[in-house]
There are 2 protein chains.
Amino acid sequence: MEAPQNTKRTKASEPTLKRLPRYLHYLQKAQDKGILTISAPVIGKELQCDPTQVVKDLATTGVKGRPRIGYNIHELIQTIESFLGYNRANEAFLVGAGNLGMAMMSYPDFQRFGLKIVAAFDTNRDKIGRSRSGINILHMNKFQDLARRLQVRIAVLTVPHTVAQEVTDLLVASGIEAIWNLTPSQLQVPEHVIVQNTSMYANVTLLLKKLQEKDESESVQ
Amino acid sequence: MEAPQNTKRTKASEPTLKRLPRYLHYLQKAQDKGILTISAPVIGKELQCDPTQVVKDLATTGVKGRPRIGYNIHELIQTIESFLGYNRANEAFLVGAGNLGMAMMSYPDFQRFGLKIVAAFDTNRDKIGRSRSGINILHMNKFQDLARRLQVRIAVLTVPHTVAQEVTDLLVASGIEAIWNLTPSQLQVPEHVIVQNTSMYANVTLLLKKLQEKDESESVQ
DNA sequence: ATCTAATAAAGAAAAAAATCTTTATATATT
DNA sequence: AATATATAAAGATTTTTTTCTTTATTAGAT
Ligand SMILES: NC(=O)c1ccc[n+]([C@@H]2O[C@H](COP(=O)([O-])OP(=O)(O)OC[C@H]3O[C@@H](n4cnc5c(N)ncnc54)[C@H](O)[C@@H]3O)[C@@H](O)[C@H]2O)c1
Ligand SMILES: NC(=O)c1ccc[n+]([C@@H]2O[C@H](COP(=O)([O-])OP(=O)(O)OC[C@H]3O[C@@H](n4cnc5c(N)ncnc54)[C@H](O)[C@@H]3O)[C@@H](O)[C@H]2O)c1
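As the structure is a prediction and not an experimental result, all values here were calculated from the model.

A word on the protein's contact with DNA strand C
Taken together, 23 residues surround DNA strand C, and among them Arg-19, Arg-66 and Pro-67 of chain A together with Lys-56 and Gly-65 of chain B come closest. In DNA strand C, atoms within 4 Å of the protein come 73% from sugar and phosphate. Within the contact set of DNA strand C, a phosphate oxygen lies 3.0 Å away from a side-chain nitrogen or oxygen of Arg-19 of chain A. At a separation of 3.1 Å, a sugar or linking oxygen of DNA strand C approaches a polar side-chain atom of Arg-68 of chain B. Residue assignment for the surface near DNA strand C shows that the elements contributing at least two residues are helix 1 (14-32) and helix 3 (51-60) of chain A together with helix 2 (40-47) and helix 3 (51-60) of chain B. Split into classes, the residues belonging to the surface near DNA strand C amount to eight nonpolar, six polar and nine charged.

Some remarks on the domain arrangement of chain A
Assigned domains within chain A: domain 1 (5-84) and domain 2 (90-202). The centre of domain 1 of chain A, based on its C-alpha atoms, is set 31 Å off from the matching centre of domain 2 of chain A.

Considering the site of ligand 1
Not every one of the 26 residues close to ligand 1 is listed here, only the nearest: Asn-99, Leu-100, Asp-122 and Val-159 of chain A together with Tyr-107 of chain B. Lying at an intersection of chains, ligand 1 is approached by residues of chains A and B. Separating an oxygen atom of ligand 1 from a backbone N or O atom of Gly-98 of chain A is a distance of 3.5 Å. Within the side chain of Tyr-107 of chain B, an N or O atom sits 2.3 Å from an oxygen atom of ligand 1. For ligand 1, whose accessible area on its own is 820 Å², the fraction buried by protein is 86%. Looking at the shell around ligand 1, the elements that each hand over two or more residues are helix 5 (99-105) and helix 8 (200-220) of chain A together with helix 5 (99-105) of chain B. Classifying every residue of the shell around ligand 1 gives 16 nonpolar, eight polar and two charged.

Notes on the relation of the copies chain A and chain B
One chain copy maps onto the other through a rotation about an axis and a shift parallel to that axis. With an RMSD of 0.0 Å, the operation that places chain A on chain B is a rotation of 180° combined with a shift of 0.0 Å along the axis. The relationship between the two copies is best expressed as a two-fold rotation axis. Mapped onto chain B, 99% of the interface residues of chain A again fall at the interface, so both copies present the same surface.

Notes on the site of ligand 2
Of all residues adjacent to ligand 2, which total 26 residues, the nearest are Tyr-107 of chain A together with Asn-99, Leu-100, Asp-122 and Val-159 of chain B. Surrounding ligand 2 is a set of residues that belongs to chains A and B. Note that a nitrogen atom of ligand 2 is positioned 3.1 Å from one of the backbone N or O atoms of Ala-103 of chain A. In this structure, an oxygen atom belonging to ligand 2 sits 2.7 Å away from a main-chain N or O atom of Val-159 of chain B. Taken by itself ligand 2 offers 820 Å² of open surface, and the protein chains cover 85% of this. Mapped by element, the contributors of at least two residues to the shell around ligand 2 are helix 5 of chain A together with helix 5 and helix 9 (200-220) of chain B. Among the residues forming the shell around ligand 2, the class breakdown is 16 nonpolar, eight polar and two charged.

Considerations on the pattern of salt bridges
When their charged atoms lie close together, side chains carrying opposite charge are able to pair. Applying the stated criterion across every chain yields a total of twelve salt bridges over all chains. Here Lys-214 of chain A makes a salt bridge to Glu-177 of chain B, at a shortest N to O gap of 3.1 Å. With one member in each of two chains, Lys-214 of chain A in helix 8 and Glu-177 of chain B in the loop between helix 8 (164-173) and strand 8 (178-181) form a pair that bridges those chains. Given the relative accessible area of 16%, Lys-214 of chain A is considered buried. The network of salt bridges with shared partners includes Arg-153 and Glu-177 of chain A together with Lys-214 and Asp-215 of chain B.

Description of the pairing of strand 8 (residues 178-181) of chain A
All names here are of chain A. Side chains of strand 8 alternate between two faces, with Ala-178 and Trp-180 and Ile-179 and Asn-181 buried alike. Looking at chain direction, strand 7 (residues 154-157) and strand 8 are connected through four bridges and run parallel. Bridge assignment links Val-156 to a residue of strand 8, and that residue is Trp-180. Since strand 7 and strand 8 lie parallel, the crossover through helix 7 (residues 164-173) that links them has a hand, and here it is right-handed. Relative to strand 9 (residues 194-197), strand 8 runs parallel, the two sharing four bridges. Looking at strand 9, one finds that Ile-179 is bridged to Val-195.

Here is what the cut-offs are and how they apply
- Each chain has its residues counted from 1, running along the sequence as written.
- Chains and ligands are labelled by the order in which they are written, letters from A for the one and numbers from 1 for the other.
- Only residues with pLDDT of at least 70 are given local features in this predicted model, and only at 80 or more are side-chain atom pairs given and counted; all residues enter the totals for whole chains, interfaces and linings.
- Side-chain metrics in this entry use all non-hydrogen atoms of the structure; hydrogen atoms and water are not considered.
- For this description, a residue counts as near a given molecule or strand if any of its non-hydrogen atoms is within 4 Å of it.
- Throughout this description, a polar contact denotes any pair of N or O atoms lying within 3.5 Å of each other; where both atoms belong to protein, one of them has to be capable of donating a hydrogen while the other can accept it, and for residues adjacent in sequence the pair is counted only when both atoms sit in side chains.
- Each helix is a run of DSSP H or I of at least 4 residues and each strand a run of E of at least 2, with the numbering of both proceeding from the N terminus.
- Each residue gets one of three labels, nonpolar for Ala, Val, Leu, Ile, Met, Phe, Trp, Tyr, Cys and Pro, charged for Asp, Glu, Lys and Arg, and polar for the others, Gly among them.
- The split into domains, and so the bounds of each, comes from an automatic or database assignment of domains.
- Using the Shrake-Rupley algorithm and a 1.4 Å probe, accessible areas are obtained, with residue cover drawn only from the displayed protein chains.
- To superpose the copies, least squares is applied to the C-alpha atoms of every residue with a pLDDT of at least 70 in both.
- Contacts: residue pairs with any heavy atoms within 4.5 Å of one another.
- In what follows, salt bridge is the name for a side-chain nitrogen of Lys or Arg lying within 4 Å of a carboxyl oxygen of Asp or Glu.
- The classification of residues rests on relative accessible area computed with a 1.4 Å probe and restricted to protein chains. Under 20% of the type maximum is buried, over 50% is exposed, and intermediate values are partly exposed.
- Pairs of strands are assigned from DSSP output, requiring at least two bridges between the strands.
- The definition of a right-handed crossover adopted here requires that, viewed with the strands pointing away, the path from the first strand over the helix to the second runs clockwise.

What follows is the structure, given as structure tokens:
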């Protein structure tokens, strides 16, 4: 692959990338209601965020809007989905079919966002051989062989944090290039491997801290 | 803002607040190994982040370190925990005892981070009356009364996104002040209610996009 | 005791992101 | 057709966050 028709390697910022799925979710609901065009100010008002921010975010996807009209909602959704790669169905292996892992296997919507969990792996004999939502749970010792043969590049990590690093080492050795890390561990990986941390703790912390700050500011007044 | 008297309202930034739990997790592991003092450069190297950033983050909690020595690890952990309010055991209700909700109920570690789920609520008859990890699942129609009587201020929201807003309205009407929103919906709430969104989608998106960008940059060379 | 090296702490600079401002354009209204 | 207006788009400004520098302090070495 070469020569992108539009060498505009937009390189969207992280904050923008995080906001786009939210817009998309809202836009899909709006489209279901039969809306054909939508403007940035409307999106901003509905999602309680700055309208110029919305314009800027949408602009990074390359979509064009028309003054006084807004954006064609169908075109907008298509453009965002394509920009984010949601139409690619990236295949992933889930590792650690425990409480959280099983919940994620049961969740059909990830596929709509471009992630398809095609198999799960565990070391617990009780889990192996079972399946959930059509996804089979296999023994961990099959991981390396299957990852290579099926050329799976993405792993979803939901093992106990105590084994997170050793499992990660195996994933990397198996050619995994991107890890979605749901454990609280800070994984050590080679340069070329991408890690996306989803820290529940960070979110709990932020919530509790905001509440605490609210209390303090009220008690001061 | 005005008059910053001795009010040490440090007002830590969001990025700082998100990094602190990670430091804490690492520090606890280090303490378990018998380490007594630790320096910012060591933490930074281990967690692959900038050492001066670590110093700045730790400084916001008010802890003091000593040149050439570093921080007393016990004091450091205590200070961070107290700063983040982890020793408060904030009580919360979980709403929507489905796949994700059940997983969260089974997860004992939240309590270590200051969040204690004391009851769960659902509308599904099959769920009601059951319990998980000692947390009872009650009917949603008991929510309002219990929230008021027990003075629970925090709700964890894990219902289907289709009902997220209507459930939220009930939570707010019941006096809930902070909502940890695990659904993809953008909740509409009054000014005084705090919402913390944990969007799995945003994280998937970021991961897939990074992988995509890596592919593109490689194909360009 | 004195010197050296490591490191916390404070401050400055740079980078990134969000917000605000201006401009241009297309549509609806008159 | 002319005008007013909403809004996308581009640019400027401000704010926030990160990174870089400098300074001061302290343990350990000489
Ligand atoms: N449950 C939650 O709500 C929640 C929330 C936030 C974070 N997490 C994190 O997610 C991870 C999983 O949590 P959980 O509650 O699902 O735990 P869990 O114990 O229910 O599940 C872990 C699974 O991993 C499997 N496993 C253990 N060692 C393995 C190995 N070497 N290789 C492959 N599989 C292995 C276990 O058999 C088990 O099925 C933990 O790191 C936890 O910190 C969970
Ligand atoms: N499962 C996952 O891994 C995952 C990942 C990301 C986001 N989410 C989000 O989390 C939410 C829950 O997902 P899930 O997979 O657990 O779904 P689920 O269907 O398994 O669970 C939803 C639960 O909410 C209950 N419920 C429905 N209406 C209710 C009401 N009005 N009041 C109280 N309870 C009600 C249902 O009975 C059910 O038990 C969804 O919004 C989903 O988008 C889930």
